[in-house]
Amino acid sequence: MSKGKLEKFAEMETFSNVFQYPYSVIESTPFAMRGQWRRDYFHNDNPIVLELGCGKGEYTVELAKLYPEINFIGVDIKGARMWKGAKMALEQGLANVAFLRTNIEIIDRFFAPDEVQELWLTFSDPQMKNVHKRLTSTFFLERYRRFLENNGVVHLKTDSNFLFTYTTHVVSANKLNLLFRTEDLYNTPGIDDQTAKILSIQTYYESMWIERGLNIRYVKFELPHEGTLIEPDVEIPLDEYRSYHRNKRSSLDARK
């Protein structure tokens, strides 16, 4: 590990808005604040919104600034990245922001039933090879149900046509209530005021993708507590790249 990363990890230990519970820790030390985020950290009764896979935390911080009446928690396992957003939130005095460093596979261990109102998935890895690692797969949706309120809202903002198409099929196959869907967020006429409001937030990499000519896709839907979730049985064309300036490894053209 580089000296810079070590310094960031050391500084993060002093941040009052960061909670670090990777899998190795949570196995032996249960998270005592589960079900008590509002009382013990935010000290209010406002809604809680999670950003899963928050990276540097830019989007979490900007959402918190845009919606001061909502509590936001950015979640990621990469602590050196998260350091930037956590430090920014502290410097700007944003009391409605927290960060949780953990594995998203065990996210349900940190929140009690109905404790969270909405989820944001911003530019998640499309995981074209492994359906169980996709953050909109039924594997993860079942976990979200354990702490998301009934018919809580899930937002997906992505440059990946594969993940966007896959998620659309998940919504359709399970007859989930689709609230909004667009294949080109920044060039969609007549969008509602709530959706238009988020257009003011762009991460560094999002601006790079837009400059590169990639459409930003966005979908939001409700996730009910009831019903058995099923995976869509459909072949989806693979993206031609994995991330910015990186081509895909696989020679396949499509995958379920």
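Structure: above.
Residues numbered from 1 in each chain as written. Predicted model: local features only at pLDDT ≥ 70, side-chain atom pairs only at ≥ 80, totals over all residues. Heavy atoms only, no water.

Asks: What's the story with the pattern of salt bridges in this structure? I'm lost.
Replies: Within the structure shown, the criterion is met by nine salt bridges. Of the charged contacts in the structure, one is a salt bridge between K65 and E62, with a shortest N-O distance of 3.4 Å. With K65 and E62 both in helix 4 (residues 58-66), this residue pair falls three residues apart, about one helical turn. Across the salt bridge formed by D108 and R146, the nearest N and O atoms sit 2.9 Å from each other. With D108 in the loop between strand 4 (97-101) and strand 5 (116-122) and R146 in the loop between helix 6 (138-145) and strand 6 (148-158), this residue pair connects regions lying 38 residues apart in the sequence. (Salt bridge = Lys/Arg side-chain N within 4 Å of Asp/Glu carboxyl O. Helix = DSSP H or I, 4+ residues; strand = E, 2+ residues; numbered from the N terminus.)

Asks: What am I meant to see in the sheet that holds strand 3 (residues 71-76) here?
Replies: Hydrogen bonding along the main chain pairs the strands of a sheet, whether they run parallel or antiparallel. Pairing in this open sheet of eight strands is mixed, and the strands run 1-4-3-2-5-6-8-7 from one edge to the other. Looking along the sheet, the strands with just one partner apiece sit at the ends: strand 1 (18-20) and strand 7 (178-182). Recorded for the sheet is a direction-independent mean angle of 15° between the axes of neighbouring strands. In the packing of helix 6 onto the sheet, the strands contacted are strand 2 (48-52), strand 5, strand 6 and strand 8 (217-223), and the crossing angle to strand 8 comes to about 50°. (Pairing = 2+ DSSP bridges. Axes fitted to C-alpha atoms, helices over the stretch in contact; angles between N-to-C directions. Contact = heavy atoms within 4.5 Å.)

Asks: Explain helix 9 (residues 204-212) to me, please; I cannot follow it from the model alone.
Replies: Residues that lie three or four places apart on an α-helix share one face, since the helix turns once every 3.6 residues. Listing the buried residues of helix 9 in full gives E206, M208 and W209. The buried side chains of helix 9 occupy one side of the element, clustering within an arc of 160° when seen end-on. Phi for G213, located one or two positions after helix 9, is positive at around 100°. (Buried < 20%, exposed > 50% of the residue type's maximum accessible area, 1.4 Å probe, protein only. Arc of directions from axis to C-beta.)

Asks: Which parts of the structure should I look at to understand the nonpolar core?
Replies: One recurring pattern in soluble globular proteins: nonpolar side chains tend to sit buried together. Counting residues in hydrophobic clusters, the biggest one holds 45 residues, and the most contacted among them are W37, L50, I73, F111 and Y144. Here this core gets six residues from one element, more than from any other, and that element is helix 7 (residues 161-173). Core analysis: the second largest hydrophobic core is formed by 30 residues, V49, I70, M82 and L185 among them. (Core = buried A, V, L, I, M, F, W, Y, C linked by side-chain atoms within 4.5 Å.)

Asks: Sorry if this is basic, but what is going on with a positive patch on the surface here?
Replies: Together, K5, K56, K78, R81 and K84 make up a region of like positive charge exposed at the surface. As for its placement among the helices and strands, K56 is situated in the loop between strand 2 and helix 4. Looking at K56, the relative accessible area reads 33%, which means it is partly exposed. (Patch = residues over 30% accessible without salt bridge, like charges linked within 9 Å, V, L, I, M, F, W, Y side chains within 5 Å. Areas by Shrake-Rupley, 256 points an atom, 1.4 Å probe, with all protein chains shown as cover. Lys, Arg positive; Asp, Glu negative; His and termini not counted. Charge placed at Lys NZ, Arg CZ, Asp CG, Glu CD.)

Asks: Which parts of the structure should I look at to understand the packing of aromatic side chains?
Replies: The description of an aromatic ring pair uses the distance of the two centres, along with the angle that the planes make with each other. Scanning the entire structure with this criterion turns up 18 aromatic pairs. Measuring from ring centre to ring centre gives 5.0 Å for Y21 and F31, while their planes differ by 85°; the resulting arrangement is edge-to-face. Residue Y21 is found in the loop between strand 1 and helix 2 (23-26), and its partner F31 is found in the loop between helix 2 and helix 3 (37-42); the two are separated by 10 residues along the sequence. The same class applies to Y21 and to F31, which are both buried. Between Y144 and F147, the ring centres sit 6.4 Å apart and the planes meet at 65°, which makes this aromatic pair edge-to-face. One exposure class covers both Y144 and F147, and it is buried. Put simply, the rings of F19, Y21, F31, W37, Y41, F42, F110, F111, F139, F140, Y144 and F147 pair up and form one aromatic cluster. The positively charged end of R134 is found above the aromatic ring belonging to Y166, 4.7 Å away from the centroid. (Phe/Tyr/Trp six-rings, centres within 6.5 Å; stacked < 30°, edge-to-face > 60°. Lys NZ or Arg CZ within 6 Å of the ring centre and 35° of its normal.)

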